[in-house]
Amino acid sequence: LDTLYEMFPYEELVFYDATLFTSKNRVDEVVDYLNRYDGMKWLADARSAELVKYSLDELKEIRNARSNLRMLVVGLESGSSRIAEDVMKKGRDHLGGFMAVAERLYQAGIKLGSGVVFGVPGETPDDLMLTIDYISEVRKVNPDLKISTTFFRPLPGTELYSLVESMGFEQPGSLEEWAKKGEDRHFDYNRWMGVPWMSDSVEAEYRKTYDVFLYEHGDIGI
């Protein structure tokens, strides 16, 4: 960080590291370091499984430091426990932990950003409806919640990659094709991108439920 600051005197820092909050001592060291710079702003990724271990007082101490923590980005991915835990491997009681963290961050005055992934293999319109209802409940305890969304696209070498390939999804055959496919595939909020591994009838029903999501929560996009 010192080297970066000497080269590029930054005013805002983003930690794309979901493990940052695993160690409270490490977080204290980071905050102490950033406090050396007047008005330094920062954002960070975090996992609800780690943040839930922080008390309200500990979170307030971080928020009230000299440096300005603008937002923590905590992955939700799905409001269906089956999809979140069994398919996306978010861990046991992911939704309970996320809800607790959402409420605590709001009480501490720390902005919460999150993300939802649509069209995960095996997800149904009913699962998406569970996500819609869950986000409604989260917004009751954290009215400042912001969400970015994306449609699932498989990464080579993963279990889900092999699954969607077996379901007929055509993968890019070159680096250039990957670049073309990826340039408009992520974090484009409120944009339907299709779910090619769903049957036409299921996708049509899923699209209707997706429109319900936009109606209910389209106002909180990052």
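Structure shown above.
These remarks concern the structure in this document.

1. A few points about the pairing of strand β4 (residues 112–118)
Next up, step 1: Burial of β4 is extensive: seven of the seven residues sit out of reach of the surface.
Next up, step 2: Burial along β4 is two-sided: the face carrying Leu112, Ser114, Val116 and Phe118 and the face carrying Gly113, Gly115 and Val117 are both buried.
Next up, step 3: For strand β3 (residues 68–74) and β4, the ladder comprises two bridges, and the chain directions are parallel. Across the sheet, the residue bridging to Val73 is Gly113, located in β4.

2. Thoughts on the pattern of salt bridges
Next up, step 1: Evaluation of the coordinates by the stated rule reveals 13 salt bridges.
Next up, step 2: Across the pair Glu12 and Arg70 runs a salt bridge whose closest N-O atoms are separated by 2.8 Å. Taken together, the positions of Glu12 in strand β1 (residues 12–15) and Arg70 in strand β3 put the pair 58 residues apart, joining distant regions of the chain.
Next up, step 3: For Glu12, a relative accessible area of 33% corresponds to the partly exposed category.
Next up, step 4: By relative accessible area, Arg70 is classed as partly exposed at 35%.
Next up, step 5: Note that Lys53 is salt-bridged to Glu50, the shortest N-O span being 3.4 Å.
Next up, step 6: A relative accessible area of 54% places Lys53 in the exposed class.

3. Some thoughts on the packing of helix α7 (residues 125–141) against helix α10 (residues 200–217)
Next up, step 1: Interaxial distance between α7 and α10 falls to 9 Å at its minimum, and their mutual angle equals 10°. In terms of orientation, α7 lies roughly parallel with respect to α10. Together, Pro125, Leu128, Met129, Ile132, Ile135, Ser136 and Arg139 of α7 and Val202, Glu205, Tyr206, Thr209, Tyr210, Val212, Phe213, Glu216 and His217 of α10 make up the contact between the two elements.
Next up, step 2: Grouping the constituent residues of the contact of α7 with α10 by class yields 10 nonpolar, three polar and three charged.

4. What about the packing of helix α6 (residues 94–108) against α7?
Next up, step 1: It is the contact of α6 with α7, at a shortest axis distance of 8 Å, that shows an interaxial angle of 30°. Between α6 and α7, the angle is such that the two are roughly parallel. The crossing of α6 and α7 is right-handed. For the pair formed by α6 and α7, the contact residues are Leu95, Phe98, Met99, Ala102, Glu103 and Tyr106 on the first element and Tyr134, Glu137, Val138 and Val141 on the second.
Next up, step 2: Per-class residue counts for the contact of α6 with α7 are eight nonpolar, no polar and two charged.

Thresholds, definitions, all that
- Residues numbered from 1 in each chain as written.
- Predicted model: local features only at pLDDT ≥ 70, side-chain atom pairs only at ≥ 80, totals over all residues.
- Heavy atoms only, no water.
- Buried < 20%, exposed > 50% of the residue type's maximum accessible area, 1.4 Å probe, protein only.
- Helix = DSSP H or I, 4+ residues; strand = E, 2+ residues; numbered from the N terminus.
- Pairing = 2+ DSSP bridges.
- Salt bridge = Lys/Arg side-chain N within 4 Å of Asp/Glu carboxyl O.
- Axes fitted to C-alpha atoms, helices over the stretch in contact; angles between N-to-C directions.
- Parallel < 35°, antiparallel > 145°, perpendicular 65-115°, else oblique.
- Contact = heavy atoms within 4.5 Å.
- Nonpolar A, V, L, I, M, F, W, Y, C, P; charged D, E, K, R; others polar.
- Left-handed = near helix turned anticlockwise from the far one by under 90°.

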